Every structure is written in C-alpha cells, then in structure tokens.
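# Fold and contact review
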Amino acid sequence: MKLAIAGAAGRMGRVLTRIIHETPGCEIAGGLESRGSAHIGADMGALSGIGPLGVAVSDDPLTLFTRVDGVVDFTVPQATLELCDLAAQARIVHVIGTTGIDETGNARIKAASRHARIVKSGNMSLGVNLLASLVKRVAAALGEDFDIEILEMHHRAKIDAPSGTALLLGEAAAAGRQINLKERSVRSRDGHTGARPSGAIGFATLRGGSVVGEHTVMFAGPAERLELTHKAESRDIFARGAVRAALWAFDKKPGLYTMSDVLGVE
C-alpha cells in the first residue's frame with residue numbers, strides 16, 4: 001500500500017516515516033508540508049533519521065494523491081479538512097488522527113466519506129480504543145451512583161483541551177449511560193460551583209513537560225472507586241495504530257470508520 005504522510009516534517013510525521021518503512025505491505029510514497037516550509041524537497045528518510053529513501057517532501061497534495069493509495073494525517077484542523085476534500089476526489093484512504101475539529105468540520109469529513117475511505121479517531125492507539133470499549137461497558141453496568149470523571153495530561157505544547165482522547169473516552173462513557181455528552185459534560189470548575197450534578201461527566205486537564213499522553217477514567221461511587229488508566233510511553237503507538245487503520249481500510253467501501261471498526265470491538 002502506497003502511503004503519503006501529511007505533516008511529514010513534524011514529530012508525528014517523522015515517527016510515521018519510520019513505522020511505515022518498517023511495516024510489511026507498506027511503502028512511503030510521499031510527504032506533505034505547507035507551502036513555504038523549509039523542509040520542501042527534503043528527503044523523508046533523512047528527516048526521520050533512518051537514512052535517505054529517495055522520497056521528497058512536497059507542497060502539492062493534488063499531484064501526490066494521484067499516485068498513492070492513502071494518506072495518514074496528524075496535522076491541524078484546517079489542513080485536514082482541505083486534505084479530506086482532495087482525498088475524496090482521488091478516492092483514496094484518509095486516516096485522520098487530527099484533534100480539535102469542530103462540528104462543521106466533522107460534517108465536512110462526513111460528506112467526504114461518500115467517496116473516500118476515512119478512518120478518524122481522537123486516538124489511534126490500539127490500547128486506548130480497547131479502553132474506550134471497556135469504559136462503555138463499565139458505564140452501562142454502573143448506575144448514576146457512580147460519578148464519572150476523566151483526567152488527562154499531555155506535554156506543554158499540546159494546543160487543544162480536553163484532548164481528543166479524553167473526548168473519545170467521554171463519548172464512550174456517555175454511550176454506555178445512553179446520554180448526550182454535550183449536554184452532560186462539565187469542562188471546568190471554579191469558585192462556588194454548588195454540588196456536583198448527578199449523571200454529569202467531568203473533565204480535568206493537565207499540561208506540562210514532555211508527557212506523551214495519560215488518561216484515567218474514574219467511576220467514583222459510594223465507598224469505592226474504579227479507575228481505568230492508559231499511559232502512552234511513545235508516539236510509536238499512535239503511528240502503528242494509524243498504519244494498521246490504513247491497511248484495514250484499503251479494500252473497504254467508501255465510508256467514515258473508527259478504530260473500533262478496525263479492531264472489531266464495540
């Protein structure tokens with residue numbers, strides 16, 4: 001499978017170059033950076049530290065998409081939305097790990113999935129997506145006597161909060177409780193807030209240092225507390241999950257898929 005990497009010179013882009021190069025059945029067919037980037041024309045292998053590959057970074061997705069089977073994309077919302085339109089035109093696989101996309105953007109991605117095979121997730125880690133499946137089951141099993149709180153921490157450079165993973169876990173908990181997350185979530189607490197609303201799903205965000213990603217879903221009940229935790233120790237886990245998603249989607253029909261589809265779990 002010939003894969004392109006969006007944001008090829010970024011941290012995730014360099015990790016993806018290495019992981020795709022190591023994965024049987026995959027070939028690095030190109031990389032993308034924004035116009036004016038100092039990395040245009042650079043060899044992707046040299047950028048990622050694995051040695052020259054003879055594949056250069058480009059700023060022309062339209063041309064690149066005519067000769068690839070898919071694109072893996074951990075960039076920013078504006079770039080992702082532009083790429084999803086082009087991926088739909090080219091009818092290729094688009095794996096989206098970008099977070100912070102709003103409702104309007106998600107509607108645009110949904111429209112693009114009529115022609116492209118899109119796998120989108122707030123976290124591409126296999127472990128996190130299995131955790132989400134567990135969260136949904138636990139939330140369904142425990143009544144509203146158990147309060148749900150989601151705590152997440154990331155490195156100091158992360159630009160969106162709560163993280164896409166925290167929201168993914170929140171959606172899983174809400175699905176288990178059969179409630180609407182948007183209507184029941186609590187994103188901040190400050191001052192005299194009053195008692196905690198029954199059935200709310202709370203979020204707490206920490207930022208600092210070089211933490212790749214840590215997430216804990218707490219079910220706090222009368223006299224006992226259950227905590228489900230995932231700790232990411234390397235960005236490799238996101239890259240490996242994204243490549244697995246691309247390979248899985250290669251022969252699928254156009255549509256919008258999640259990592260739960262890739263893993264075959266609810």
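Residues numbered from 1 in each chain as written. Predicted model: local features only at pLDDT ≥ 70, side-chain atom pairs only at ≥ 80, totals over all residues. Heavy atoms only, no water.

Moving on, we get to the nonpolar core. Note that soluble globular proteins tend to have their nonpolar side chains buried in a common cluster. Leu 16, Ile 20, Met 44, Phe 74, Val 95, Val 119 and Ala 242 are the most contacted members of the largest nonpolar core, which has 34 residues in total. Within the residue set of this core, elements represented by two or more residues are β1 (2-6), α1 (11-22), α2 (44-48), β5 (93-96), α9 (236-249) and α10 (259-263). With 7 residues, α9 is the largest single contributor of residues to this core. Beyond its immediate sequence surroundings of up to four residues, Ala 242 is in contact with Leu 16, Val 72, Phe 74, Val 95 and Met 124. Among the nonpolar cores identified, the runner-up in size contains 20 residues, and Leu 169, Ile 179, Phe 219 and Leu 228 belong to it. (Core = buried A, V, L, I, M, F, W, Y, C linked by side-chain atoms within 4.5 Å. Buried < 20%, exposed > 50% of the residue type's maximum accessible area, 1.4 Å probe, protein only. Helix = DSSP H or I, 4+ residues; strand = E, 2+ residues; numbered from the N terminus. Contact = heavy atoms within 4.5 Å.)

Before going further, it helps to spend a moment on α1. Counted at 1.5 Å a residue, the expected span for α1 with its 12 residues is 16 Å, and the 17 Å between its end C-alpha atoms agrees. The set of residues buried in α1 consists of Met 12, Gly 13, Val 15, Leu 16, Thr 17, Ile 19 and Ile 20. Its buried side turned inward, α1 meets β1, β2 (27-32), α2, β4 (70-73) and α9. (Expected span 1.5 Å × (residues − 1).)

Strand order in this open sheet of 7 strands is β3-β2-β1-β4-β5-β6-β12, and the pairing throughout is parallel. Looking along the sheet, the strands with just one partner apiece sit at the ends: β3 (57-58) and β12 (255-257). Two strands pair when backbone bridges link them, and strand β6 (residues 117-120) and β12 are joined in this way by 3 bridges, in the parallel orientation. What sits directly across from Arg 117, in β12, is Gly 255. Seen against the sheet, helix α5 (residues 103-112) touches β5, β6 and β12 and runs at an angle of roughly 145° to β6. In this fold α9 packs onto β1, β4, β5, β6 and β12, with an angle of close to 155° to the strand it touches most, β5. (Pairing = 2+ DSSP bridges. Axes fitted to C-alpha atoms, helices over the stretch in contact; angles between N-to-C directions.)

Let us now look at the sheet that holds strand β9 (residues 201-207). Reading across the sheet, the 5 strands line up as β8-β9-β7-β10-β11 and stay open at both edges, with mixed pairing between neighbours. Every other strand in the sheet has two partners, leaving β8 (185-186) and β11 (224-232) as the edge strands with one partner each. Bridge count for strand β7 (residues 147-154) against strand β10 (residues 213-221) is 7 bridges, and the pairing is antiparallel. Counted as the bridge partner of Glu 152 is His 215 from β10. Contacts between helix α6 (residues 126-141) and the sheet are confined to β7, β10 and β11, with β11 contributing the most and set at about 165° to the helix.

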